[in-house]
Amino acid sequence: LPRLYSGMQPSADSLQLGNYIGALLQWKDLQASHDAFFSVVDMHAITVAQDPHELREKTRRTAAQYIAAGIDPSASTLYVQSHVPAHAELAWVLNTITGFGEAARMTQFKDKSAKQGTEATSVGLFAYPVLMAADILLYDAEIVPVGDDQRQHVELTRDLAERFNSRFGDTFVVPQAMILKESARVYDLQSPTSKMSKSAESHAGVVWLLDEPSVTRKKIMRAVTDTDGVVSFDRDGKPGISNLLTIYASLTGRSIESIELEYDGKGYGDFKKGLAEVVVETFAPVRERALELLSDPAELDRILARNADRASEVAEATMEKAYDRIGFLRRA
Ligand code: TYM
């Protein structure tokens, strides 16, 4: 089976709707036809300050949500990044073939570092995309299902794979991003021109997978719309309604047109009520299952340990090959 790799940062107690639609939905569908590796990227999370106790908890919670959303940890390899030391090792090697300017052009780095200021920005944040490249290349992944915001990082990964291969001989598989056009970007319900994000300043427009259904309903009913009163898709003119239509279509598998038709002549209130039911019905069982898994952290930790063993086997073999190619003396 072709290899697939993807991951998420454990940077909040709950995943948000954008993570679910942009990534998890695809993961779930693709796992049957791929040898899939899904990581909880705790090493990426520490590129900004984390509370140690909370990080540990968020890591478990993220893993539990993968499983609850339908990732099967006995068919796919679902593990914690820091459990496999090869990620740090390959990242170091790739750092040495990454241009300073090349890394400085990454838009996520530019945005985050501009917000924090140069002194508060860590070298780790700068090297973040290189670690991501290491994640992907260690597993010979052919495809990387992600949301649109990760496109540039996967492009960098391709460049680094090709550069290493041409300098040291064929070693890495050059991966391809897999980004669904319709659902690539979910926007904040309160400011529908910015991406929905775990690290948003206000959580009023962020729908969390683990929110109580009543909270989810309220957030959707309060979503920013417009005064035109027609449920129709127009990304520039009607960003709020367009975002809600995208969410509706992604979660039901229906076309935007059929939803526009259903709500033709009806108000935004009806439309939002319909959407709220769709989201609550999708998330309620996921939430229940995640909380159940979290009630037995020892069992969850055992699952993660088993999966880390499987990941290590693949990663160490790739690492050995890479060390050999670059001319490191083999330990006798
Ligand atoms: P992260 O943790 O920010 O997000 C996890 C996944 O969710 C997608 N996503 C969205 N999709 C649509 N709309 C949104 N509003 C939205 N917000 C987030 C992201 O595109 C991503 O697919 N660098 C990665 C984690 C990572 C990784 C990897 C991914 C580390 N190593 C290797 C793939 C392969 C990140 O920070 O994702």
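Before reading on, note that the structure itself is shown above.
Note that the structure is a prediction, hence the values are computed from the model and not measured.

With 6 bridges joining them, strand E1 (residues 3-8) and strand E2 (residues 35-40) adopt parallel strand pairing. Note that in E2 the partner of Tyr5 across the bridge is Phe37. Viewed along the sheet, the connection from E1 through helix H1 (residues 17-30) into E2 turns out right-handed.

Taken as a whole and judged by the stated rule, the model has 17 salt bridges. A salt bridge links Arg254 to Glu262; the nearest nitrogen and oxygen atoms lie 2.8 Å apart. Note on Arg254: relative accessible area 31%, which makes it partly exposed. You can call Glu262 partly exposed: its relative accessible area is 32%. A salt bridge links Glu299 to Arg302; its shortest N-O distance comes to 3.1 Å. In this pair, Glu299 and Arg302 both sit in helix H13 (residues 297-326), 3 residues apart, roughly one turn of the helix. Glu299 gets classed as partly exposed once you look at its relative accessible area, which sits at 30%. Residue classification places Arg302 among the partly exposed residues on the basis of a relative accessible area of 47%. One network of salt bridges, in which partners are shared, links Glu57, Arg60 and Asp301.

The next subject is H1. Helical periodicity: at 3.6 residues per turn, an α-helix aligns residues three or four positions apart in one direction. In this model H1 runs 19 Å from its N-terminal to its C-terminal C-alpha over 14 residues, within 8% of the 20 Å that 1.5 Å per residue would give. Those residues of H1 not exposed but buried are Leu17, Gly18, Asn19, Tyr20, Ile21, Gly22, Ala23, Leu24, Leu25, Gln26, Trp27 and Leu30. Where H1 begins, the capping side chain belongs to Gln16, and its oxygen is found 2.5 Å from the backbone nitrogen of Gly18.

Once that is clear, we can look at a negative patch on the surface. A cluster of acidic residues, Glu89, Asp309, Glu313 and Glu316, forms a negative patch on the protein surface. The element that contributes the greatest number of residues to the negative patch is H13, accounting for 3 residues.

The next thing to look at is the site of the ligand. Neighbouring residues of the ligand: 27 residues in total, closest Tyr128, Asp135, Gly147, Asp149 and Val186. Gln16 has a polar side-chain atom sitting 3.2 Å from a nitrogen atom of the ligand. A distance of 2.8 Å is found between a nitrogen atom of the ligand and a backbone nitrogen or oxygen belonging to Val186. When the ligand is considered free in solution it has 710 Å² of accessible area, and contact with the protein chains removes 97% of it. Residue assignment for the shell around the ligand shows that the elements contributing at least two residues are E1, H1 and helix H7 (123-138). Each residue belonging to the shell around the ligand can be placed in one class, and the counts come to 12 nonpolar, 10 polar and 5 charged.

Basis of the calculations
- Residues numbered from 1 in each chain as written.
- Predicted model: local features only at pLDDT ≥ 70, side-chain atom pairs only at ≥ 80, totals over all residues.
- Heavy atoms only, no water.
- Pairing = 2+ DSSP bridges.
- Helix = DSSP H or I, 4+ residues; strand = E, 2+ residues; numbered from the N terminus.
- Right-handed = clockwise from strand over helix to strand, strands pointing away.
- Salt bridge = Lys/Arg side-chain N within 4 Å of Asp/Glu carboxyl O.
- Buried < 20%, exposed > 50% of the residue type's maximum accessible area, 1.4 Å probe, protein only.
- Expected span 1.5 Å × (residues − 1).
- Polar contact = N/O pair within 3.5 Å; in protein donor to acceptor, adjacent residues only side chain to side chain.
- Patch = residues over 30% accessible without salt bridge, like charges linked within 9 Å, V, L, I, M, F, W, Y side chains within 5 Å.
- Areas by Shrake-Rupley, 256 points an atom, 1.4 Å probe, with all protein chains shown as cover.
- Lys, Arg positive; Asp, Glu negative; His and termini not counted.
- Charge placed at Lys NZ, Arg CZ, Asp CG, Glu CD.
- Near = heavy atom within 4 Å.
- Nonpolar A, V, L, I, M, F, W, Y, C, P; charged D, E, K, R; others polar.

The values are spatial; any link to function lies outside them.
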